[in-house]
Amino acid sequence: MNTHEAIRTRRSTRKYRPEAVEDDKLEKILAAGRVAPCGGNSQTTHFLVIRNQQVLRELATLVRESFAKMEIRPDMCKALQAAISASKKGHSAFHFNAPILIVAANKIGYGNAMADCACAVENMLLAANDLDLGSCWVNQLRWLDEDAAAREYMMKLGLAADETICASMVVGKPDTKDGLPNRSERKITGNPVTYID
Ligand SMILES: Cc1cc2nc3c(=O)[nH]c(=O)nc-3n(C[C@H](O)[C@H](O)[C@H](O)COP(=O)(O)O)c2cc1C
């Protein structure tokens, strides 16, 4: 798959088969994240790769319980409001039972923390598509970065005290008929462009 095709056909996958992802494929995805551009070539993005299914289940429960305690405010983005609302009803809005969750963290107070992590995650989403794997950005741990229980749990997994969670993504084998990710092209209705010639 060439670069343009990988970009054009990448879509979010929210249904996964339980099978594990081959180690060599995961390594390629992580290599794509680690080589992403970063401010000042700082290379401070920390990738936590969670493959332990018990840990993923515990995280899903923690996320649901933490969201269920939150109040929905009008200034919150719609996706966060939906996640809180689903959690209050006992539904899990988290990792879609994918076999792998990759968390991207960076230094607290570093001005390019989010930008560096976003570059890394996008590279990994594209690499997953190229490898015929499904993937999806999941923002719950970012939203819960200041939640004491979530932080404590993530620090047990290796998040350093001076790191903030910027993003996370799931990856796995898509639960589709042919086993390939949905690659239908998305209609672009926003993202305006202004040319200044
Ligand atoms: C910053 C960011 C946060 C996102 N958070 C979530 C999320 O928490 N859960 C989810 O299912 N999708 C999440 N997504 C995926 C978007 O919903 C998705 O990219 C968008 O709807 C376009 O669809 P596509 O990825 O299939 O092209 C997120 C994407 C971005 C860039």
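Q: Mind showing me how you'd approach the sheet that holds strand S1 (residues 46–50) here?
A: Backbone-to-backbone hydrogen bonds join strands into a sheet, with any given pair of strands oriented parallel or antiparallel. Taken together, the 4 strands give an open sheet; going across it, the order is S1-S2-S4-S3, and neighbouring strands pair in antiparallel fashion. Each end of this open sheet is capped by a strand with a single partner; those strands are S1 and strand S3 (134–137). Going across the sheet, the axis of each strand differs from the next one's by a mean of 25°, ignoring polarity. Of the pairings in the sheet, the one linking S1 to strand S2 (residues 100–107) comprises 5 bridges and is antiparallel in character. Each bridged residue has a counterpart across the sheet, and for Val49 the counterpart in S2 is Ile102. Where helix H2 (residues 23–34) meets the sheet, it contacts S1, S2 and strand S4 (163–172), and its direction lies at approximately 160° from that of S1.

Q: Which parts of the structure should I look at to understand the nonpolar core?
A: Nonpolar side chains in soluble globular proteins generally cluster together in the buried interior. With 29 residues, the main nonpolar core has Ile50, Leu59, Leu101, Val103, Leu141 and Met154 as its most contacted residues. Mapped by element, the contributors of at least two residues to this core are S1, helix H3 (53–68), helix H4 (78–88), S2, helix H7 (148–157) and S4. It is H3 that contributes the most residues to this core, 7 residues altogether. Not counting chain neighbours up to four residues away, the residues in contact with Leu101 comprise Leu48, Val49, Ile50, Leu56, Leu59, Phe94, Val138, Leu141, Ser168, Met169 and Val170. Core analysis: the next-biggest nonpolar cluster, separate from the first, contains 24 residues, Phe47, Ile100, Cys117 and Met169 among them.

Q: Got a minute to help me understand the pattern of salt bridges in this structure?
A: Between side chains of opposite charge, a pair can form when the charged atoms approach closely. Within the structure shown, the criterion is met by 8 salt bridges. Between Glu22 and Lys173 there is a salt bridge, and its shortest N-O distance comes to 2.9 Å. Of this pair, Glu22 sits in the loop between helix H1 (3–9) and H2 while Lys173 sits in the segment after S4, placing them 151 residues apart in sequence. The exposure class assigned to Glu22 is partly exposed, which follows from its relative accessible area of 31%. A salt bridge links Arg51 to Asp23, with the shortest nitrogen-to-oxygen separation between them at 3.1 Å. Taken together, the residues span a long stretch of sequence, with Arg51 in the loop between S1 and H3 and Asp23 in helix H2 at a distance of 28 residues. Looking at Asp23, the relative accessible area reads 51%, which means it is exposed.

Q: What's the story with the environment of Lys88 in this structure? I'm lost.
A: Along the chain, the position of Lys88 falls in helix H4. Sequence separation between Lys88 and Asn191 is 103 residues, and the spatial gap between their C-alpha atoms is 33 Å. When residues no more than four places from it in sequence are discounted, the contact partners of Lys88 are Ala68, Lys69, Met70 and Glu71.

Q: What should I look at first to understand H3 in this one?
A: Counted at 1.5 Å a residue, the expected span for H3 with its 16 residues is 22 Å, and the 22 Å between its end C-alpha atoms agrees. Residues Val55, Leu56, Leu59, Ala60, Leu62, Val63, Ser66 and Phe67 constitute the buried set of H3. Along the axis of H3, the buried residues cluster in a sector spanning 165°; they form a single face. Structurally, H3 contributes buried residues whose contacts are with S1, H4, S2, helix H6 (140–143) and H7. Structurally, the start of H3 carries an N-cap: the backbone nitrogen of Gln54 is 2.9 Å from a side-chain oxygen of Asn52.

Parameters at a glance
Along each chain, residue indices are assigned from 1 in the same order as the chain's sequence is written. Given that the model is predicted, a residue must reach a pLDDT of at least 70 before its local features are reported, and side-chain atom pairs must reach 80 or more before they are shown or counted; all residues, however, enter totals for whole chains, interfaces and linings. The side-chain values count all of the structure's non-hydrogen atoms but skip hydrogen atoms and water molecules. Pairing between strands is defined by DSSP: at least two bridges between them are needed. In DSSP terms, a helix is any run of H or I states spanning at least four residues, a strand is any run of E spanning at least two, and both are numbered starting from the N terminus. Comment: axis = line fitted to C-alpha atoms, over the contacting stretch for helices; angle = value between 0 and 180 degrees taken between N-to-C directions. Whether two residues are in contact is decided by their heavy atoms: any pair within 4.5 Å suffices. What we call a nonpolar core is a set of buried Ala, Val, Leu, Ile, Met, Phe, Trp, Tyr and Cys residues that are connected through their side-chain atoms within 4.5 Å. To sort residues, take the accessible area from a 1.4 Å probe on protein chains only and compare it with the maximum for the residue type: under 20% means buried, over 50% means exposed, and anything in between is partly exposed. Whenever a carboxyl oxygen of Asp or Glu lies within 4 Å of a side-chain nitrogen of Lys or Arg, that contact is scored as a salt bridge. For a helix, the expected span equals 1.5 Å multiplied by the residue count minus one. Directions drawn from the helix axis to the C-beta atoms are what define this arc. As used in this structure description, the phrase polar contact means that two N or O atoms lie within 3.5 Å; if the pair is within protein, one of them must be able to donate a hydrogen and the other to accept it, and residues adjacent in sequence are counted only when both atoms belong to side chains.

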